[in-house]
Amino acid sequence: MTETCRSCGSERIIPSVAILDHDYINERQAEIAIDSRPSFPLFKGRTVGKISAHVCAACGHMELFASNHEELWEKHLKVSEKKENKQKTQSDGTGRRPRVR
Ligand SMILES: [Zn+2]
């Protein structure tokens, strides 16, 4: 199957181009992250995915892709479920936060 550009329809697509994140010394492939404990300074329960791009050589349009999307989805579900449970225990069922007396 030939991939085509969503913007211009060209078949001149460069797949899986690394997106680099670097300073003057270090260089690495850019990542996205989902944390299960984002407020923690360490041990955030982080799941990361490497980011790559498919680049159209005709018009420059790019699309981003995560390396481990299935693992990220599972983490997202766990974090969402945890947030939902936390809100349920704090709520009286009206969707408002309980009053503190
Ligand atoms: Zn294009």
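The shown structure was predicted, so the numbers you read here are calculated from the model rather than taken from an experiment.

Visitor: Help me understand unusual backbone geometry in this model?
Guide: When glycine is set aside, most residues are seen to have a negative phi, and most peptide bonds are trans. Of note, the phi angle at Ser16 is positive, near 50°, even though the residue is not glycine. Position of Ser16 among the secondary structure elements: in strand 1 (residues 13-18). Overall, Ser16 belongs to the exposed group, with 10 C-beta atoms counted inside 10 Å. Positive phi, normally seen in glycine, also occurs at Phe43, with a value near 50°. Counting through the fold element by element, Phe43 comes out in the loop between strand 4 (31-35) and strand 5 (46-56).

Visitor: Looking at this structure, how should I read helix 1 (residues 69-90)?
Guide: Along an α-helix, residues three or four apart share an orientation, since each turn contains 3.6 residues. Here helix 1 spans 31 Å end to end across 22 residues, near enough to the 32 Å set by a 1.5 Å rise per residue. Across the 22 residues that make up helix 1, only a small minority, 1, are buried.

Conventions adopted
- Residues numbered from 1 in each chain as written.
- Predicted model: local features only at pLDDT ≥ 70, side-chain atom pairs only at ≥ 80, totals over all residues.
- Helix = DSSP H or I, 4+ residues; strand = E, 2+ residues; numbered from the N terminus.
- Buried ≥ 20, exposed ≤ 12 C-beta atoms within 10 Å, placed from the backbone.
- Expected span 1.5 Å × (residues − 1).

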